[in-house]
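The chain contents come next:
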Amino acid sequence: MQKAAVATSPLAVRIGRLELAYPTLGASGCYGSGEEYAPFIDLSLIGGVVLKSVTRYPRLGNPTPRLVHTPGGMLNAIGLQNPGIEHYLEHDVAKFATRPCAVIGSVAGFSVDDYAYVGERLAARSEIDALEVNISCPNVADEGETFACDPALTARVTAAVRAVTDKTIIVKLSPNVTDIAAIAREAEAAGADALAVINTVRGMSIDVERCRPMLGNVTGGLSGPAIRPIAVLAVYEVARAVKIPIVGQGGIETARDALEFFLAGASAVCIGTANFTDPRAPLHVADGLRAYLEKHGHGSLREIVGKANVGFADAQQYEGDSG
Amino acid sequence: MQKAAVATSPLAVRIGRLELAYPTLGASGCYGSGEEYAPFIDLSLIGGVVLKSVTRYPRLGNPTPRLVHTPGGMLNAIGLQNPGIEHYLEHDVAKFATRPCAVIGSVAGFSVDDYAYVGERLAARSEIDALEVNISCPNVADEGETFACDPALTARVTAAVRAVTDKTIIVKLSPNVTDIAAIAREAEAAGADALAVINTVRGMSIDVERCRPMLGNVTGGLSGPAIRPIAVLAVYEVARAVKIPIVGQGGIETARDALEFFLAGASAVCIGTANFTDPRAPLHVADGLRAYLEKHGHGSLREIVGKANVGFADAQQYEGDSG
Amino acid sequence: MQSALAAPSIHATVVLDRREPGPGIVILGLEAPELVALVKPGHFLMAIPPAGVAAATALGIYEADGSRISVMLIIVGSRTAELARLQPGDQLDVLAPLGNGFFLDDLPKRVAIVAGGVGLASVLLAAKTCVERGARAELLYGARTKAALVDVELFEGVGASVRCATDDGSRGYRGFVTDLLEQGKPPELIIACGPTPMLRATAGKAEHLGVAAQLSLEETFGCGVGACWGCVVPIDRASPRAPSFPAADIHERREHANARVCKEGPVFWAHELRW
Amino acid sequence: MQSALAAPSIHATVVLDRREPGPGIVILGLEAPELVALVKPGHFLMAIPPAGVAAATALGIYEADGSRISVMLIIVGSRTAELARLQPGDQLDVLAPLGNGFFLDDLPKRVAIVAGGVGLASVLLAAKTCVERGARAELLYGARTKAALVDVELFEGVGASVRCATDDGSRGYRGFVTDLLEQGKPPELIIACGPTPMLRATAGKAEHLGVAAQLSLEETFGCGVGACWGCVVPIDRASPRAPSFPAADIHERREHANARVCKEGPVFWAHELRW
Ligand SMILES: Cc1cc2nc3c(=O)[nH]c(=O)nc-3n(C[C@H](O)[C@H](O)[C@H](O)COP(=O)(O)OP(=O)(O)OC[C@H]3O[C@@H](n4cnc5c(N)ncnc54)[C@H](O)[C@@H]3O)c2cc1C
Ligand SMILES: Cc1cc2nc3c(=O)[nH]c(=O)nc-3n(C[C@H](O)[C@H](O)[C@H](O)COP(=O)(O)OP(=O)(O)OC[C@H]3O[C@@H](n4cnc5c(N)ncnc54)[C@H](O)[C@@H]3O)c2cc1C
Ligand SMILES: Cc1cc2nc3c(=O)[nH]c(=O)nc-3n(C[C@H](O)[C@H](O)[C@H](O)COP(=O)(O)O)c2cc1C
Ligand SMILES: Cc1cc2nc3c(=O)[nH]c(=O)nc-3n(C[C@H](O)[C@H](O)[C@H](O)COP(=O)(O)O)c2cc1C
Ligand code: FES
Ligand code: FES
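None of the values given here were measured: they were computed from a predicted structure.

About the criteria used
- Residues numbered from 1 in each chain as written.
- Chains lettered and ligands numbered in written order.
- Predicted model: local features only at pLDDT ≥ 70, side-chain atom pairs only at ≥ 80, totals over all residues.
- Heavy atoms only, no water.
- Helix = DSSP H or I, 4+ residues; strand = E, 2+ residues; numbered from the N terminus.
- Buried < 20%, exposed > 50% of the residue type's maximum accessible area, 1.4 Å probe, protein only.
- Contact = heavy atoms within 4.5 Å.
- Domains from an automatic or database assignment.
- Buried area = accessible area lost by both parts, 1.4 Å probe.
- Salt bridge = Lys/Arg side-chain N within 4 Å of Asp/Glu carboxyl O.
- Polar contact = N/O pair within 3.5 Å; in protein donor to acceptor, adjacent residues only side chain to side chain.
- Nonpolar A, V, L, I, M, F, W, Y, C, P; charged D, E, K, R; others polar.
- Least-squares fit on C-alpha atoms with pLDDT ≥ 70 in both.
- Near = heavy atom within 4 Å.
- Areas by Shrake-Rupley, 256 points an atom, 1.4 Å probe, with all protein chains shown as cover.
- pLDDT = per-residue confidence, 0-100.
- Arc of directions from axis to C-beta.
- Pairing = 2+ DSSP bridges.
- Axes fitted to C-alpha atoms, helices over the stretch in contact; angles between N-to-C directions.
- Right-handed = clockwise from strand over helix to strand, strands pointing away.
- Core = buried A, V, L, I, M, F, W, Y, C linked by side-chain atoms within 4.5 Å.
- Parallel < 35°, antiparallel > 145°, perpendicular 65-115°, else oblique.
- Left-handed = near helix turned anticlockwise from the far one by under 90°.

A. Local environment of the environment of P266 of chain D. All names here are of chain D. Among the secondary structure elements, P266 is positioned in the loop between β15 (256–260) and β16 (267–269). What makes P266 buried here is its relative accessible area of 5%. In sequence terms P266 and G99 are 167 residues apart; their C-alpha atoms lie 6.0 Å from each other. Ignoring anything within four residues of it in the chain, the contact list for P266 reads G42, F44, G99, N100, L215, S216, L217 and V261.

Written out as structure tokens, the structure is:
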């Protein structure tokens, strides 16, 4: 955390009880634990890193290919490869203490109980400033129905994690639903402090020479600029449905892209795939945001949250709590 | 129609009772009535044109801007501008008789009754070879719930149109749902001869200088290469859920793109946005398909339908009916 | 040069020459023999992106002489930037000629031509035709600053006089170019092409002066050929250019119809617009 | 030149020279003074796309001498095509050096270097080092046809001998390049880089001959820096390069772990792979 900075910077924001000196976060699964990008950018110039999602048990992840590039974006099917929470707590988490930015843990699971168990153990660690709850996983108890696609399951997982920690919890929504606002309301009602909007969009690509899916997992999640209009709309709709802050994401490469999310109602943004194009992207975004605020005479980023969202009643309130 | 050609061409396909000399159609709303593109390509070299959707009453459509370009695609919010079915039948439909390719009418509406009324009047005309049913419209009787997002409404509209015509009806599905396969099954059960997969993906873009949505209608539909992975997956999933043929679409620009759809389970494809890049796109696709079939030693396109879709049991059957 | 005769098609052109008259402005000369004869002042083309990605770009036809036409690019985004990278010898396929040009059949004596930004590209041929047909054509040319005012000599070259306006006063009148319409003897006809605010102001001045004005509009285009209805502008239902639509549905009994800028336009009479 | 010392960073390079040794193959020389000293045989870089669109592209570091490095592009899609358009004077930012190079610390006498396609770019420096360290290095170079065999003289220039194989027999042995491993005196070490099928065949031959083989793998990369876990390959859990993962979950008690090609690799010993 960068408390000192927070007081002064026009780019400082607050997500629940989490203070960020910059509104720019490395997206989960795209940013490792932050250290992978340390050789290329000064991590004290981003708000924080959302760690790769961790599960109760170790996972080998999906067969390769796990990635395929598509027009304006990329499909991925990593399959949540991770060492499992025990090994993670024992060998990895201690290293995060040295990060010069916020460190947000990401919890994934295949049962409500998994989320509660992993969330509790992870949130208990001082190196972890907040939790993101990745609910885009199948619920094995329920014919593999994805948590994020079912309002009731979303509520149960959120409540379960809420019950085990007082740290800020950010519930990450999936765009692969008929009505994302309805899911958002459930998460808010169940105690989420903030919402991450959006996770990847389901898609697939086919190798026409080999006549088979490109990805080892057949289907994957689409990310990158291609999904930006889908993500901006999701933020716009969710911002009208809830009062809690939103961490916008989906195809952000430049400050202009990020501004679409803030104006739609996001209070912070994650940058994922753009790091694969240029690791300096988060810095360019922050610089561009600062320039935009000056040009348009805004004292702080918080002033423009939801500014292009006519039905967005809560911008004022945000300013209140995040002052 | 091009019966003669159909017998011989390896690219000939059949969609319900509709025979197409080429598997490439101009997409609804992107191709006018075909004549707009006649100066640039020989319409006898495409399978057909799906006309702009027509409604019961005339519509002025949405305010401008109606279009905005986004990475790898485009958002549109035309708002179904059309003269209404009466004027359409009186002044426009007769001209379609001269098209050297199939002419597929597109029906839209805001109530089940609208669809039945417009569908019956349009299907009654000899110039119209088949009907596409665009169910991505709000049902005013039902708090504007989109027909395509509700299985029951999808079934009712499909059944209503089925009841008024024996011509081939193609029900066009929306990707903006949690489970497109479930909607597809309803349409099939209600009597659809084929399914068009997919319509545009909901999205929005914000003008960061003017702090307001780019589109006059605020939200719009995303099309173009950006959505191709989403469309390919939708075709893949629908093909496993139904036995009726699929007209694939969403970001097709080249033969390779089109092949992803055929291999996923589509029997024909629509080309929309790609015409805005180069009106020769449908010809390039057909040429590329022919070359691919030769290179891989396939006698006809029908042989590769669903070939990359392990769960696709019906390719044989298609070959049966479309021989 | 009747638009009726100007059947559009796909023309394979080759870049002949390239120059940068101002910052972020590029002029490309294109070898297009068959096209030249078909071009009418105010026509535009759709440039097919060389790399085949993104949509075609609408560009006014700037010059048309011998076997060469030219286009002017103002770089504002990815597509204009890509086209601006073209070099002599490169190929560029275009759909052309498109749209209805200006209405120049019976011209009065004094014609004012108002242009701003890329609008300049669509009025050079109109200026030329006005002069050829015996009218006195004056270009009223506006920009933010001096550096953005380009090719004035080309207009003088075709016999038009030129007055400039800049926002910062770095050249000519300081203020809106449309103010120039009220300075000196009023014209008998106004022709204008440029950003929408400039065109709205022109329409206002024209009405105030009681002078007819032809405006070449800019809208975001999809197809550029009348197929997608993405580029409309509200016009008087009584206008010959209005689509033969019946009055709109019960919910919206308006007196206007939405005409396609790419097909019924891009040139409209100010008085028929209902914007 | 220990990889431990080779701290990667973003290097702003300038294109010095460009040549096309074969159809669809482009070699770009890059001015990168600080980088050269850090480069170890088998290192790669991630090239940041000049236009800023699409992902960075993984490229092997081909040459590294004085203040110049070079990369070899084989155009297979949009990103390689865009990079291939770069001309002398153009800027190119790269993340480098990345990955662990070949293991060349204690070399035997006879080293066979098997290369196919873009794999050639990753083995020239290795050949040079082998010769410098007193080993006899022989390049076994395979391609579909003669025209795709390029820069053989560069390998001869560093003192390596060369044997070629082509699918159509248009140059050298007609058949798989890996067959050459069994023709003549077997090597004591095999180094290989190329398409996965070639690497699998190399691993097979190596096992058959009882010779150790180092394979530089190709996978689709996301980040290229170890952050996304998109580029993995299954390897023996006991390998020093295996991520320190416990046995996988109850559902999949496997004896392998998935290591990142970009971070733990791209070079692996054939015997540690579980592919
Ligand atoms: C009839 C006609 C004739 C024309 N003639 C010419 C001509 O002769 N020469 C010429 O150069 N142009 C001309 N134009 C305009 C030209 O077609 C467009 O400028 C071009 O299509 C822009 O494409 P682009 O990809 O470069 O820019 P785009 O990326 O499409 O951007 C277009 C504009 O929108 C802005 N923008 C995009 N996204 C955002 C956002 N999120 N927030 C705020 N602003 C945003 C950009 O800054 C830019 O100004 C003409 C247009 C028409 C309709
Ligand atoms: C460690 C490492 C080192 C490398 N070194 C080099 C090097 O030195 N030089 C070099 O040129 N490359 C090298 N590569 C490979 C290079 O990174 C890739 O070729 C490049 O990223 C391809 O990007 P692209 O956009 O050009 O092609 P893409 O568009 O990403 O396509 C990649 C491949 O997939 C195929 N493909 C795409 N879509 C389909 C589809 N639907 N059906 C069938 N096939 C399809 C394409 O034909 C192409 O062969 C290296 C890779 C790695 C991992
Ligand atoms: C390779 C890759 C791996 C990802 N892994 C995760 C993950 O483990 N957990 C998660 O919540 N999101 C994951 N995501 C989604 C991203 O965090 C992000 O929400 C999404 O990619 C949209 O942002 P972007 O377009 O900027 O990448 C992953 C994305 C990518 C590209
Ligand atoms: C400008 C525009 C207008 C459209 N209008 C309609 C329409 O009236 N009815 C309809 O069913 N689909 C309409 N569509 C959707 C297309 O028919 C097509 O399904 C979609 O654009 C995906 O294909 P594409 O990516 O090839 O364009 C429209 C699409 C665009 C871009
Ligand atoms: S741009 Fe398609 S109708 Fe004008
Ligand atoms: S490419 Fe991201 S971890 Fe290797």
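B. A look at the domain arrangement of chain C. Residue and element names in this part refer to chain C. Entries for chain C in the domain assignment read domain 1 (9–98) and domain 2 (110–218). Using only C-alpha atoms to locate each centre, domain 1 and domain 2 end up separated by 23 Å. Facing the 16 residues of domain 1 at the interface are 15 residues of domain 2. Between domain 1 and domain 2 lies a buried interface of about 1200 Å² when both sides are counted; carbon and sulfur atoms form 67% of it. On the domain 1 side of the interface with domain 2, the three residues burying the most area are P41, Y62 and M72, jointly 44% of the side's total. At the junction of domain 1 with domain 2, the criterion picks out one salt bridge. One salt bridge in this structure joins R19 and D151, with 2.7 Å as the shortest N-O distance. Where domain 1 meets domain 2, there are two residue pairs in polar contact (both at pLDDT 80 or more). Put simply, the parts of the chain that give the side of domain 1 that touches domain 2 at least two residues each are β1 (9–22), β2 (25–31), β5 (63–65) and β6 (68–74). Residue contributions to the side of domain 1 that touches domain 2 peak at three residues, all from β1. Considering only residue class, the side of domain 1 that touches domain 2 consists of eleven nonpolar, three polar and two charged.

C. Spatial organisation of the relation of the copies chain A and chain B. Aligned on chain B, chain A shows an RMSD of 0.0 Å; the corresponding rotation is 180° and the shift along the axis is 0.0 Å. Here the two chains are linked by the operation of a two-fold rotation axis. A shared binding surface is used by both copies, with 100% of the interface residues of chain A retained as interface residues in chain B.

D. Structural view of the site of ligand 4. Residue and element names in this part refer to chain B. Close to ligand 4 lie 21 residues; S28, S53, K172, G251 and T273 are nearest. With respect to ligand 4, the backbone of I198 contributes an N or O atom lying 3.3 Å from an oxygen atom. At 2.9 Å, a side-chain N or O of Q249 approaches an oxygen atom of ligand 4. When the free accessible area of ligand 4 is taken as 600 Å², the share hidden by the protein chains comes to 97%.

E. Summary view of the confidence of the model for chain C. Residues and elements named next belong to chain C. Within chain C, residue pLDDT values average 92, and 94% of them lie at 70 or more. Across residues 1–5, where pLDDT falls below 50, the model places nine contacts with residues more than four positions away in sequence or in other chains. In the predicted assembly, ipTM is 0.95 and pTM is 0.95.

F. Summary view of helix α5 (residues 180–189) of chain A. Residue and element names in this part refer to chain A. For α5, the full list of buried residues reads I180, A181, I183, A184 and A187. Within α5, the buried residues cover an arc of 160° as seen down the axis, which keeps them to one side. The backbone nitrogen of A181 lies 3.2 Å from a side-chain oxygen of the residue at the head of α5, namely D179. With its phi angle positive at about 110°, G191 sits one or two positions after the end of α5.

G. Up close: the interface of chain A and chain B. Facing 40 residues of chain A, the contacting portion of chain B comprises 40 residues. Taking both sides of the interface into account, the surface hidden between chain A and chain B amounts to around 3400 Å²; carbon and sulfur atoms contribute 66%. Across the chain A-chain B interface, the total number found is four salt bridges. The tally of links from chain A across to chain B stands at 15 residue pairs in polar contact (both at pLDDT 80 or more). Secondary structure elements with two or more residues in the side of chain A that touches chain B: β13 (201–203), β15 (212–213), α6 (228–241), α7 (255–264) and α9 (281–295) of chain A. No other element matches α6 of chain A, which puts seven residues into the side of chain A that touches chain B. Looking at side-chain class alone, the side of chain A that touches chain B contains 24 nonpolar, seven polar and nine charged residues.

H. Layout of the sheet that holds strand β9 (residues 136–143) of chain D. Residue and element names in this part refer to chain D. Here we have seven strands laid out as an open sheet, ordered β11-β10-β9-β8-β12-β13-β16, and mixed in their pairing. The two strands at the open ends of the sheet, each matched to only one other strand, are β11 (173–174) and β16. Where strand β10 (residues 161–166) lies against β11, two bridges are found, and the strand directions are parallel. Across the sheet, residue T166 finds its bridge partner in β11, namely R174. Its contacts with the sheet put helix α5 (residues 196–209) on β8 (110–116), β12 (189–193) and β13 (212–216), and the angle it makes with β12 is roughly 170°.

I. Region of interest: the site of ligand 1. Lining the immediate environment of ligand 1, one finds 23 residues, of which M214 of chain B together with A58, M72, I74 and T80 of chain C sit closest. Neighbouring residues of ligand 1 are not confined to one chain but are distributed across chains A, B and C. Between an oxygen atom of ligand 1 and a main-chain N or O atom of I74 of chain C, the distance comes to 2.8 Å. Taking 980 Å² as the accessible area of ligand 1 by itself, protein coverage stands at 79%. Among the secondary structure elements, those contributing two or more residues to the shell around ligand 1 are α7 of chain A, β14 (206–207) of chain B together with β4 (57–60), β6 and α2 (78–84) of chain C. Among the elements that make up the shell around ligand 1, the one with the highest residue count is β4 of chain C (four residues). Looking at side-chain class alone, the shell around ligand 1 contains twelve nonpolar, five polar and six charged residues. Per-domain counts for the shell around ligand 1 show at least three residues from each of domain 1 (9–98) and domain 2 (110–218) of chain C.

J. Molecular detail of the pairing of strand β8 (residues 130–134) of chain A. All names here are of chain A. When you tally the buried positions in β8, you get five out of five residues, the bulk of the element. Examined bridge by bridge, strand β7 (residues 102–107) and β8 share four bridges and lie parallel to one another. Residue pairing across strands places V107 opposite V133, the latter belonging to β8. Between the parallel pair β7 and β8, the chain is carried across by helix α3 (residues 112–123), and the sense of this crossover is right-handed. As paired strands, β8 and strand β11 (residues 168–172) are joined by five bridges and run parallel to one another. Considered in β11, the bridge of N134 is made with K172.

K. The arrangement of the nonpolar core in detail. Within the largest apolar cluster, 322 residues are counted, with the highest numbers of intra-cluster contacts made by L195 of chain A together with L195 of chain B. Beyond its immediate sequence surroundings of up to four residues, L195 of chain B is in contact with I170, V171, L173, A184, A187, V238, V242, I244, P245, I246 and V247 of chain B.

L. Here's a closer look at the side chain of S174 of chain B. All names here are of chain B. Turning to its location among the elements, S174 is positioned in the loop between β11 (168–172) and α5 (180–189). Since its relative accessible area comes to 4%, S174 is described here as buried. A polar contact is formed between the side chain of S174 and the backbone nitrogen of N176, at a distance of 3.0 Å.

M. Main features of the arrangement of the chains. Comparison of the three pairs of chains in contact shows the highest number of contacts for chains A and B. A minimum C-alpha distance of 9 Å separates chain B and chain D, which share no contact. Nowhere do chain C and chain D come into contact; their C-alpha atoms are at least 9 Å apart.

N. Local environment of the packing of α7 of chain A against α9 of chain A. Residues and elements named next belong to chain A. Two elements in contact, α7 and α9, have axes separated by 8 Å at closest approach and are oriented at 65°. Looking at the two axes, α7 sits roughly perpendicular to α9. α7 and α9 meet at a crossing whose hand is right-handed. Here α7 contributes A255, A258, L259, F262 and L263 to the contact with α9, which in turn contributes H284, V285, G288, L289 and Y292.

O. Representation of the pattern of salt bridges. Applying the stated rule across the entire model yields 58 salt bridges over all chains. D257 of chain A is paired through a salt bridge with R228 of chain A; the nearest N and O atoms lie 3.2 Å apart. Here D257 of chain A is found in helix α7, whereas its partner R228 of chain A is found in helix α6, with 29 residues between them in sequence. Accessibility expressed as a relative area gives 7% for D257 of chain A, which makes it buried. Linking K128 of chain D and E132 of chain D is a salt bridge whose minimum nitrogen-to-oxygen distance equals 3.6 Å. Of this pair, K128 of chain D and E132 of chain D are both found in helix α3 (residues 124–132), four residues apart, which corresponds to roughly one turn of the helix. The network of salt bridges with common partners includes R17, R162 and D193 of chain A.

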